[in-house]
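A structural walkthrough
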Amino acid sequence: MTSVLLKGIEKRFGSVEVIRGVDLSIDEGEFVVFVGPSGCGKSTLLRLISGLEHISDGELKIGDRVVNEVQPSQRGVAMVFQSYALYPHLTVKENMGFGLKVRKVPAQERQRRVNEAAATLKLEPLLDRYPRELSGGQRQRVAIGRAIVGNPDVFLFDEPLSNLDAELRVHMRSEIAALHKRLSTTMIYVTHDQIEAMTLADKIVVLRDGRIEQVGSPRELYERPSNVFVAQFIGSPKMNILPAADAPLLCAGLAAPQSAETLGIRPEHLTVVEPRDGVLRGTVSLCEYTGAVTLLHVLLPDNRICLVLHDEGEVPAVGGEIGLSAEASNIHFFDGQAQAIRALPH
Amino acid sequence: MTDSIHITRRGGQKSRLTLKAREMMEAWLFVSPTVIGFIIFFLGPLLAVAYYSLTEWNLLTQQATFVGLANFENALLENPDFWHVVRNSVIFALGLVPLNMALALTLALALSRPFRGVVFFRTVFFAPVVTSAIAWAIVWKFMLQGEGGFINQVLALVGISGPNWLREPNWAMAAVIITRVIKMVGLNMILYIAALQAIPRDYEEAARLEGASRRQIFSMITWPLLAPATLVIMVITTIGSFKVFDHIYQMTGGGPENGTLVLAFYIYQQGFKFFNVGYASTLAMIMFAIVMVLTLVQVALRRKGME
């Protein structure tokens with residue numbers, strides 16, 4: 001088990017700054033997920049750790065070693081690519097043993113380690129097949145198997161499930177979680193899918209424009225987002241952002257802090273009430289029935305749309321007026337710079 | 001139920017043709033220019049050559065006499081010139097194909113990744129491909145002259161006395177091969193660049209992470225993945241080398257001492273210098289057979305590779 005430490009990491013492609021000073025500490029055996037919108041630099045950061053890209057500035061430590069100038073193969077990392085990158089002209093067995101072969105590991109030892117990894121991932125019946133003869137999920141498992149065989153200190157996953165269908169993704173997600181539990185190896189995982197991030201991670205790193213917006217456990221990020229970006233990025237449907245002045249309408253007696261400009265309330269934390277005076281009122285403009293819950297689009301008097309997850313009682317009619325309320329503990333306040341105001345007045 | 005669909009046209013009358021038949025007619029209409037061109041300019045002449053190969057026809061007499069397989073017997077069993085010419089063609093191919101492919105692959109490996117000036121270098125190496133073959137041969141003919149030729153002048157600077165390249169039997173074949181390689185290498189370079197760029201970068205990166213050296217990445221990943229492209233390039237280059245004419249015509253005229261007399265040029269000589277059209281047609285059919293066999297080998301190898 002190995003820790004990873006990033007100190008002031010920067011990456012520039014010519015004059016374009018892609019990673020702008022990232023500081024991050026990843027503990028031994030931790031499962032860390034980099035998440036963020038397209039182009040935020042999460043894959044680049046992973047490639048910097050792997051050594052496939054050179055670091056422009058800063059210091060990267062894997063274990064006790066500074067590895068800025070260390071070859072990718074000497075860093076003790078293994079990577080599972082989004083495309084799987086299985087060599088099409090080699091069988092599963094040859095793919096998995098490739099790294100050992102180029103490192104001149106004796107054939108017998110190679111065979112033993114490939115068989116061991118194959119047993120872990122239930123790949124034994126597939127060892128003599130070519131990648132083209134495998135399904136998406138099987139290819140994914142072979143890619144993971146190839147990474148395991150090298151016995152790395154750190155696993156790197158670059159959006160490994162994005163090519164799979166929804167059902168298989170859920171299945172593979174649980175396999176990766178089980179693998180982490182079994183191996184207890186440090187894993188760094190890149191995804192743009194927040195459900196993947198929430199379900200797999202010990203620690204989530206939210207990135208935007210090459211900077212870290214927040215680091216924390218899934219619960220921390222959900223319950224205590226440090227700014228509007230994180231608040232809206234984590235959670236689905238995304239958090240509603242309303243004027244801070246609406247606070248007393250949502251929750252009687254609640255006063256917004258003086259510096260607050262906006263408030264955030266998640267759709268699942270809003271309750272539909274009678275549209276009486278003193279509550280936040282709006283008109284239902286759309287109802288999206290999804291089975292367990294109904295997503296209401298509520299048009300507020302200031303022409304904003306507020307999303308509400310309605311899961312019990314009668315679904316309000318489209319065009320009807322409703323009132324909305326929330327518990328004070330679920331309301332987040334943000335200042336003029338969109339930063340969370342931590343000292344909540346409740 | 002019948003599967004014929006009666007289509008009501010704008011005028012209200014019904015078409016008696018089924019939809020499938022109408023679509024077939026339209027399809028034939030669209031491909032007809034190509035099909036007609038193919039029949040007139042390819043299939044027709046091919047059949048004519050096949051027929052003439054069975055005749056004795058001197059262009060000056062305007063009379064073709066059917067002689068059966070006599071011309072084939074003559075070429076394959078009696079005429080020693082034929083096998084000398086085939087030998088020359090094989091030597092030309094064996095010299096040109098490996099040299100061309102090795103150089104093309106080396107250039108492609110150097111020029112497949114983007115760097116400043118890459119387009120310039122690609123253009124430089126591809127430009128001879130689109131240059132007139134005759135102009136190219138004339139320029140090289142001057143450069144390879146024994147006395148006063150540019151190549152020998154350069155060699156003289158380092159104290160080497162160069163031969164009369166195109167007049168000495170030992171050197172003429174080497175000279176035509178090398179100048180032909182330089183002219184055509186750009187085409188194979190482009191094919192190899194396309195093949196290299198089609199190999200996902202992830203393979204190389206995965207191999208790098210697993211500890212493979214550049215040499216190992218090339219031998220264990222890149223080269224096997226280039227196999228389909230290599231096969232195609234090898235066969236089209238071999239076929240091209242058997243068909244070479246203009247280059248030989250301009251640079252050596254088949255000489256010296258028939259040392260560069262290759263099949264395509266020999267056919268030209270027989271047909272248009274000695275007017276033996278029947279015999280020239282026979283030679284053309286034999287060359288066609290050789291090229292056809294090479295093409296079939298390519299198809300078979302590609303199929304095997306895909307299994």
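Given the structure is predicted, the values throughout are model-derived calculations rather than measurements.

This part covers the overall build of chain A. The secondary structure content of chain A amounts to 9 helices and 18 strands. Seen through its C-alpha atoms, chain A measures out along the principal axes to roughly 80 × 45 × 35 Å. Of the contacts formed within chain A by residues at least 6 apart in sequence, a portion of 65% connects residues at least 24 apart.

Strands in a sheet are paired, the pairing made by backbone hydrogen bonds, and the direction either parallel or antiparallel. Residue and element names in this part refer to chain A. One open sheet accounts for 4 strands, arranged β2-β1-β4-β5; its pairing is antiparallel. Of all the strands in the sheet, just β2 (16-26) and β5 (65-66) have a single pairing partner and so form its edges. Pairing between strand β1 (residues 4-13) and β2: 8 bridges, direction antiparallel. Residue pairing across strands places glutamate 10 opposite arginine 20, the latter belonging to β2. Across the sheet, helix α1 (residues 42-50) is in contact with β1, β2 and β4 (57-62); its angle to β2 comes to roughly 65°.

On to helix α8 (residues 201-209) of chain B. Residue pairs three or four apart in sequence face the same way in an α-helix, which turns once every 3.6 residues. If you check which residues of α8 of chain B are buried, you get Tyr203, Ala206, Ala207, Arg208 and Leu209 of chain B. The secondary structure elements touched by the buried residues of α8 of chain B are α1 and β6 (77-80) of chain A together with α9 (214-225) of chain B. Downstream of α8 of chain B by one or two residues, glycine 211 of chain B has phi in the positive range, about 100°.

Glancing now at the sheet that holds strand β13 (residues 271-273) of chain A. All names here are of chain A. The 5 strands are arranged β13-β17-β14-β15-β16 in an open sheet whose pairing can be described as antiparallel. The sheet is open, and its two edges are formed by β13 and β16 (305-310), each paired on a single side. Between one strand axis and the next, the sheet turns through 50° on average, direction left out of account. As judged from the 6 bridges shared by strand β15 (residues 294-299) and β16, these two strands associate in the antiparallel manner. Of the residues in β16, the one forming a bridge with leucine 299 is isoleucine 305.

Quick look at the environment of leucine 94 of chain B now. Residue and element names in this part refer to chain B. Assignment of secondary structure puts leucine 94 in helix α3 (residues 80-111). The class for leucine 94 is partly exposed, based on 13 C-beta atoms found within 10 Å. Through-space distance from the C-alpha of leucine 94 to that of alanine 70 is 30 Å; in sequence the pair is 24 residues apart.

Moving on, we come to the pairing of strand β17 (residues 321-325) of chain A. Every regular strand shows the same layout, with side chains that alternate between the two sheet faces. Residue and element names in this part refer to chain A. Where burial is concerned, the two faces of β17 differ: the one with Ile322 and Leu324 is buried and the one with Glu321, Gly323 and Ser325 is not. Two strands pair when backbone bridges link them, and β13 and β17 are joined in this way by 3 bridges, in the antiparallel orientation. Counterpart to valine 273 in the pairing with β17 is glycine 323. Note that strand β14 (residues 280-289) and β17 share 4 bridges and pair antiparallel. Pairing of leucine 280 across the sheet is with leucine 324, part of β17.

The next point concerns the confidence of the model for chain B. The predicted coordinates should not be examined in detail at positions where pLDDT is low. All names here are of chain B. Averaged over every residue, the pLDDT of chain B is 90; residues scoring 70 or more account for 94%. Contacts for the low-pLDDT stretch residues 1-5, under 50 throughout, to residues beyond four places or in other chains number 4 contacts. In the predicted complex, the global pTM is 0.82; the interface-specific ipTM is 0.85.

What follows concerns the interface of chain B and chain A. In this complex, chain B contributes 14 residues to the contact, which on the side of chain A involves 16 residues. It is α8 of chain B that provides the largest number of residues to the side of chain B that touches chain A, a total of 6 residues.

Checked against the element boundaries, glycine 159 of chain B lands in the loop between α6 (150-157) and α7 (169-197). Between the C-alpha atoms of glycine 159 of chain B and glycine 255 of chain B, which are 96 residues apart in sequence, the distance is 28 Å.

A few words now on the packing of helix α4 (residues 136-149) of chain A against helix α5 (residues 166-183) of chain A. Residue and element names in this part refer to chain A. Interaxial distance between α4 and α5 falls to 11 Å at its minimum, and their mutual angle equals 20°. Between α4 and α5, the angle falls in the class roughly parallel. Both α4 and α5 take part in a crossing whose hand is right-handed. Where α4 approaches α5, its residues Gly136, Gly137, Gln140 and Ile144 are matched on the opposing element by Leu168, Met172 and Leu179. Along the lines of polarity and charge, the residues of the contact of α4 with α5 split into 4 nonpolar, 3 polar and no charged.

Turning next to unusual backbone geometry. In the segment running from serine 236 of chain A into proline 237 of chain A, the intervening peptide bond is cis, with an omega of 0°. Mapping proline 237 of chain A onto the fold places it in the loop between α8 (228-233) and β11 (240-243). A positive phi angle, near 50°, is found at glutamate 257 of chain B, a position not held by glycine. With respect to the secondary-structure elements, glutamate 257 of chain B resides in the loop between α11 (246-251) and α12 (263-273). Overall, glutamate 257 of chain B belongs to the exposed group, with 11 C-beta atoms counted inside 10 Å.

Thresholds applied
- Residues numbered from 1 in each chain as written.
- Chains lettered and ligands numbered in written order.
- Predicted model: local features only at pLDDT ≥ 70, side-chain atom pairs only at ≥ 80, totals over all residues.
- Helix = DSSP H or I, 4+ residues; strand = E, 2+ residues; numbered from the N terminus.
- Contact = placed C-beta atoms within 7 Å.
- Pairing = 2+ DSSP bridges.
- Axes fitted to C-alpha atoms, helices over the stretch in contact; angles between N-to-C directions.
- Buried ≥ 20, exposed ≤ 12 C-beta atoms within 10 Å, placed from the backbone.
- pLDDT = per-residue confidence, 0-100.
- Parallel < 35°, antiparallel > 145°, perpendicular 65-115°, else oblique.
- Left-handed = near helix turned anticlockwise from the far one by under 90°.
- Nonpolar A, V, L, I, M, F, W, Y, C, P; charged D, E, K, R; others polar.

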